[in-house]
Amino acid sequence: MKLLELYSGKAKTVYKTDDPEKLIMEFRNSLTAFDGKKKSEAPKKGYYNAQIAAKLLTLLEDKGIKTHFNSMISDTEMVVDAVDIIKIEVIVRNIAAGSLVRKYPFKTGQKLDPPILVFDYKSDVHGDPMINDDIALALGLATGQELSEIREIALSINSILVDYLDKRNLLLPDFKLEFGRYKGKIILADEISCDTCRFWDKTTGESLDKDVFRFDKGDLVAAYREVARRIVPEIFK
Ligand code: UDP
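Residues numbered from 1 in each chain as written. Predicted model: local features only at pLDDT ≥ 70, side-chain atom pairs only at ≥ 80, totals over all residues. Heavy atoms only, no water.

S.K.: Help me understand the overall build of the chain, please; the structure alone is not making it clear to me.
M.R.: Helix and strand counts for the chain stand at 6 helices and 14 strands. For the chain, whose C-alpha radius of gyration is 17 Å, the value lies close to the compact-globule estimate of 18 Å for 237 residues. Overall, the C-alpha framework of the chain stretches about 45 × 45 × 35 Å when taken along its three principal axes. Classification of the 237 residues of the chain by burial places 51% in the buried group. (Helix = DSSP H or I, 4+ residues; strand = E, 2+ residues; numbered from the N terminus. Rg over C-alpha atoms; globule rule 2.2 N^0.38 Å. Buried < 20%, exposed > 50% of the residue type's maximum accessible area, 1.4 Å probe, protein only.)

As structure tokens, this is what we get:
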């Protein structure tokens, strides 16, 4: 049963439930970029992202990755485990894009093999700065063992997703993951969607993700719908 709102972020709202170990995560149509400086609403964005996230989290569970996903209870709401979130944004990069190209001498589209893993401190007031293991340890964000476990799980998730998306003619230049502690284990939390991944059409290189909004590249809803068509074709039947 859905109870009080616990937290409302830029694109999702989290509610308590009558079970203290479970939360409801609602995907909304709002979206922001550039630390919240650019804001908008897009019809059905929440729906497409929720359906894509549910499908990808289920895929990962099927491949043996523990996630917070339980079930969908509406088109845009999922029941998830109430994890203790680790305040690290784990970014996996397969192809150079975005901030990597702005900050370092990489060229957009350059293949990164092996993939690059980056940790950012999840803190809006600090502007999500990049951190290393020493900073994470000194801030008490995670233990050394947790950091190595997170690194290993993130790379496994990457292999599974790259392979799955390739079959759907999508490249995965980079994406962001969040992890949490639940019943003594590290599990995958948050979402995997067009808001948190870069998806490029493998044939045309076209962006089918939040970059459409960030850089006014066209119709955001059409881009998200196209990713949904490839990942969750069953919802269009
Ligand atoms: N990302 C995210 N949330 C953030 C920061 C990044 O989901 O707060 C995702 C972003 O969508 C992209 C990847 O992480 O797929 C790498 O983002 P990058 O560091 O290049 O930042 P950006 O280009 O968004 O400034």
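S.K.: Even after reading the chapter, I still don't get the packing of helix α1 (residues 45-62) against helix α4 (residues 144-166), so can you show me in this structure?
M.R.: How two helices sit against one another is set out by the angle between their axes and by the gap between those axes. Where α1 meets α4, the axes come as close as 11 Å, and the angle between the chain directions of the two elements is 120°. Comparing their axes, α4 and α1 come out oblique. At the point where α1 passes α4, the crossing takes the right-handed sense. Listed contacts from α4 to K55, L56, L59 and L60 of α1 are I157, I160, L161 and Y164. (Axes fitted to C-alpha atoms, helices over the stretch in contact; angles between N-to-C directions. Parallel < 35°, antiparallel > 145°, perpendicular 65-115°, else oblique. Left-handed = near helix turned anticlockwise from the far one by under 90°. Contact = heavy atoms within 4.5 Å.)

S.K.: Explanation requested: unusual backbone geometry in the structure shown.
M.R.: What you tend to see is this: most non-glycine residues have negative phi, and most peptide bonds are trans. Residues D113 and P114 are joined by a peptide bond in cis, for which omega reads 5°. Of note, P114 is situated in strand β10 (residues 111-121). Residues other than glycine seldom take positive phi values, yet F34 does so here, at roughly 50°. Position of F34 relative to the elements: it lies in the loop between β4 (30-33) and β5 (38-41). Of note, the phi angle at K44 is positive, near 70°, even though the residue is not glycine. With respect to the helices and strands, the residue K44 is situated in the loop between β5 and α1.

S.K.: Whenever I open this one, the site of the ligand confuses me. Can you help?
M.R.: Near the ligand lie 16 residues; those nearest to it are R93, S99, R102, D174 and R198. In the model, an oxygen atom of the ligand is placed 2.6 Å from a nitrogen or oxygen of the S99 side chain. The contact in question runs from an oxygen atom of the ligand to an N or O atom on the side chain of R198, over 2.6 Å. Summarising the interface, the protein chains cover 82% of the accessible area of the ligand, which totals 500 Å² for the free molecule. Those elements that place two or more of their residues in the shell around the ligand are β9 (88-95), α2 (99-103), β12 (170-182) and β14 (197-201). Looking at the shell around the ligand, its residues break down into 4 nonpolar, 3 polar and 9 charged. (Near = heavy atom within 4 Å. Polar contact = N/O pair within 3.5 Å; in protein donor to acceptor, adjacent residues only side chain to side chain. Areas by Shrake-Rupley, 256 points an atom, 1.4 Å probe, with all protein chains shown as cover. Nonpolar A, V, L, I, M, F, W, Y, C, P; charged D, E, K, R; others polar.)

S.K.: So what exactly am I meant to see when it comes to the state of the cysteines here?
M.R.: Disulfide: a covalent bond formed between the sulfur atoms of two cysteine residues. In total, this model carries 0 disulfides according to the counting rule given. Left unpaired, C194 is separated from the closest cysteine sulfur, that of C197, by 7.5 Å. (Disulfide = S-S within 2.5 Å.)

S.K.: When you look at the sheet that holds strand β3 (residues 22-27) in this model, what are you seeing that I'm missing?
M.R.: Across a sheet, strands are paired by hydrogen bonds formed along the backbone, either parallel or antiparallel in direction. Taken in spatial order, the 5 strands of this open sheet run β1-β2-β3-β7-β6, and their pairing is antiparallel. Looking at strand neighbours, the two that pair on one side only are β1 (2-8) and β6 (69-72), the edges of this open sheet. The average angle at which neighbouring strand axes cross in this sheet is 30°, direction not considered. Sheet analysis places β1 next to strand β2 (residues 12-17), joined by 4 bridges and oriented antiparallel. (Pairing = 2+ DSSP bridges.)

S.K.: Mind showing me how you'd approach α1 here?
M.R.: Here α1 is 18 residues long and its end C-alpha atoms lie 26 Å apart, about the 26 Å a rise of 1.5 Å per residue gives. The element α1 is largely enclosed, with a buried count of 14 among its 18 residues. In the stretch just after α1, G64 is the one whose phi turns positive, near 95°. (Expected span 1.5 Å × (residues − 1).)

S.K.: Looking at this structure, I do not really get α4. What am I missing?
M.R.: Helical periodicity: at 3.6 residues per turn, an α-helix aligns residues three or four positions apart in one direction. For α4, which comprises 23 residues, the first-to-last C-alpha distance of 33 Å matches the rise-based estimate of 33 Å (1.5 Å per residue) to within 8%. For α4, the set of buried residues is E146, L147, I150, I153, A154, I157, N158, I160, L161, Y164 and L165.

S.K.: Can you help me understand the environment of V90 in this one?
M.R.: Position of V90 relative to the elements: it lies in strand β9. On the basis of relative accessible area, V90 is assigned to the buried category, the value being 0%. The residues touching V90, leaving out its near neighbours within four places in the chain, are L117, V118, F119, I150, A154, F175, K176, L177 and F179.

S.K.: Is there a simple way to explain the pattern of salt bridges in this structure?
M.R.: Opposite charge on two side chains allows them to pair when their charged atoms are near. A complete count under the given rule lists 23 salt bridges for this structure. For the salt bridge of K2 with E77, the shortest nitrogen-to-oxygen distance reads 2.5 Å. Placement of the pair is K2 in strand β1 and E77 in strand β7 (residues 77-81), with a sequence separation of 75 residues. Accessibility expressed as a relative area gives 38% for K2, which makes it partly exposed. Across the pair D216 and K38 runs a salt bridge, and its minimum N-O distance is 2.9 Å. One end of the pair, D216, is in the loop between α5 (211-214) and α6 (220-231); the other, K38, is in strand β5, with 178 residues separating them in the sequence. By relative accessible area, D216 is classed as exposed at 62%. Residues joined by salt bridges that share partners form a network here, namely K12, K122, K176, E178, D190 and E191. (Salt bridge = Lys/Arg side-chain N within 4 Å of Asp/Glu carboxyl O.)

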